[in-house]
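# Working through the structure, step by step
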Amino acid sequence: MPSVCVHLMTACILKDRLDIINESDFYLGSIAPDAVNLNGFAEERVRYAAHLRSRDYNVWKQNIENYYNSVSDRRSDFLKGFFLHLYTDIAWDEIIQPGLFDHLVASGYSDSELNGQKWKELSRLDLQLRSDVRFKQIMKKLPKAQCRAVSSVSKAQLDNFRTLTVNANESDNQGEAPHYLGFKAVADTAELAYKYIKDLYDL
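Residues numbered from 1 in each chain as written. Predicted model: local features only at pLDDT ≥ 70, side-chain atom pairs only at ≥ 80, totals over all residues. Heavy atoms only, no water.

### What about the nonpolar core?
By size, the foremost hydrophobic cluster in this structure holds 63 residues, and its most contacted members are L8, F83 and L142. Every residue in contact with L142, bar those within four places of it in the chain, is listed here: L8, Y27, L28, I31, R162 and V166. (Core = buried A, V, L, I, M, F, W, Y, C linked by side-chain atoms within 4.5 Å. Buried < 20%, exposed > 50% of the residue type's maximum accessible area, 1.4 Å probe, protein only. Contact = heavy atoms within 4.5 Å.)

Written out as structure tokens, the structure reads:
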């Protein structure tokens, strides 16, 4: 899975193609499943519940479709963001993460180091994304969104996670450039995620 910043930028790339009206709610929905990580990475069962996740990607995609069919406000901009988050996770894992791990292995990291180094590289990408003028506009819109519960995420969790996200952006300074990842990884992920959500919404 990618970072919150990647999710927000993916949402920004796709907002017009998804006919989003309430961008604030859409952006909040696009980070909602990760709110369970408010105090650091939650245990696997908690993360999986929030993301409707299965280790089998076909089952995960079916879980998303089942949840979509179970909710009455499925076409709200908030839920479009929520479903986009899940498909962004899947798309990233399918087309970006394998190459990133190959790069890390070629750089000399062991299997046990890969996950930690992945997040270090994502942190470097995050700094790059946060400097983008579009990301600064997202940060202005996020506080205006209406928090609500979704999947296993509570309204309070999401509200606190939003505050953490906005404050993290304000406190970040310049840092090292990413070694492997770049905006193309985000754009490619967005394209595949759009294919999945387009099919879900029959767009």
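Text resumes after the structure shown.
### Concerning the state of the cysteines
Here the structure, examined in full by the defined rule, presents zero disulfides. Of the cysteine sulfurs around C5, a residue in no disulfide, the closest is that of C12, at 13 Å. Free of any disulfide, C147 has its nearest neighbouring cysteine sulfur in C5, separated by 18 Å. Residue classification places C147 among the buried positions, given a relative accessible area of 8%. (Disulfide = S-S within 2.5 Å.)

### Considerations on the side chain of S3
Mapped onto the elements, S3 comes out in the segment before helix 1 (4-14). Look at S3 and you get buried, because its relative accessible area is 5%. (Helix = DSSP H or I, 4+ residues; strand = E, 2+ residues; numbered from the N terminus.)

### Concerning the packing of aromatic side chains
All told, the structure shown has 10 aromatic pairs when counted by the stated rule. Residues Y68 and Y201 carry aromatic rings whose centres are separated by 5.0 Å and whose planes lie at 80 degrees to one another, so their mutual orientation is edge-to-face. Highlighted residues: Y68 in helix 4 (residues 57-70) and Y201 in helix 10 (residues 183-201), separated in sequence by 133 residues. Per residue, the accessibility class of Y68 equals that of Y201, and both read buried. Ring geometry for Y87 against Y196: centres 5.6 Å apart, planes inclined by 35 degrees, an arrangement best described as tilted. Placement of Y87 in helix 5 (residues 77-95) and of Y196 in helix 10 is noted, with a sequence separation of 109 residues between them. Here Y87 matches Y196 in class, with each residue buried. One aromatic cluster is present, formed by Y67, Y68, F82, F83 and Y201 through successive ring pairs. Sitting over the ring of Y194, R17 keeps its end group 4.1 Å from the ring centre. Lying across the ring of Y201, K80 places its NZ or CZ 5.7 Å from the centre. (Phe/Tyr/Trp six-rings, centres within 6.5 Å; stacked < 30°, edge-to-face > 60°. Lys NZ or Arg CZ within 6 Å of the ring centre and 35° of its normal.)

### Section: the pattern of salt bridges
Opposite charge on two side chains makes pairing possible when the charged atoms of those side chains draw close. A complete count under the given rule lists 14 salt bridges for this structure. A salt bridge links D16 to K15; the shortest N-O distance between them is 3.6 Å. Taking relative accessible area as the criterion, K15 reaches 16% and is therefore assigned buried. As a salt-bridge pair, R134 and D132 come within 2.9 Å of each other at their nearest N and O atoms. Among the ionic contacts, a cluster of salt bridges with common partners joins K15, D16, E23 and K141. (Salt bridge = Lys/Arg side-chain N within 4 Å of Asp/Glu carboxyl O.)

### Describing the side chain of D126
One can find D126 in helix 7 (residues 114-130). Despite its burial, D126 remains without a salt bridge, the nearest opposite charge being carried by R130 at 4.5 Å. Residue contacts for D126: discarding those within four places in its chain leaves S3, C5 and V6. (Lys, Arg positive; Asp, Glu negative; His and termini not counted.)

### Overview of the environment of S123
The topology assignment puts S123 in helix 7. Exposure remark for S123: the relative accessible area of 42% places this residue in the partly exposed category. Expressed as a C-alpha distance, the spacing of S123 and A177, which sit 54 residues apart in the sequence, is 9.4 Å.

Functional significance is not addressed by these values, which are geometric in nature.
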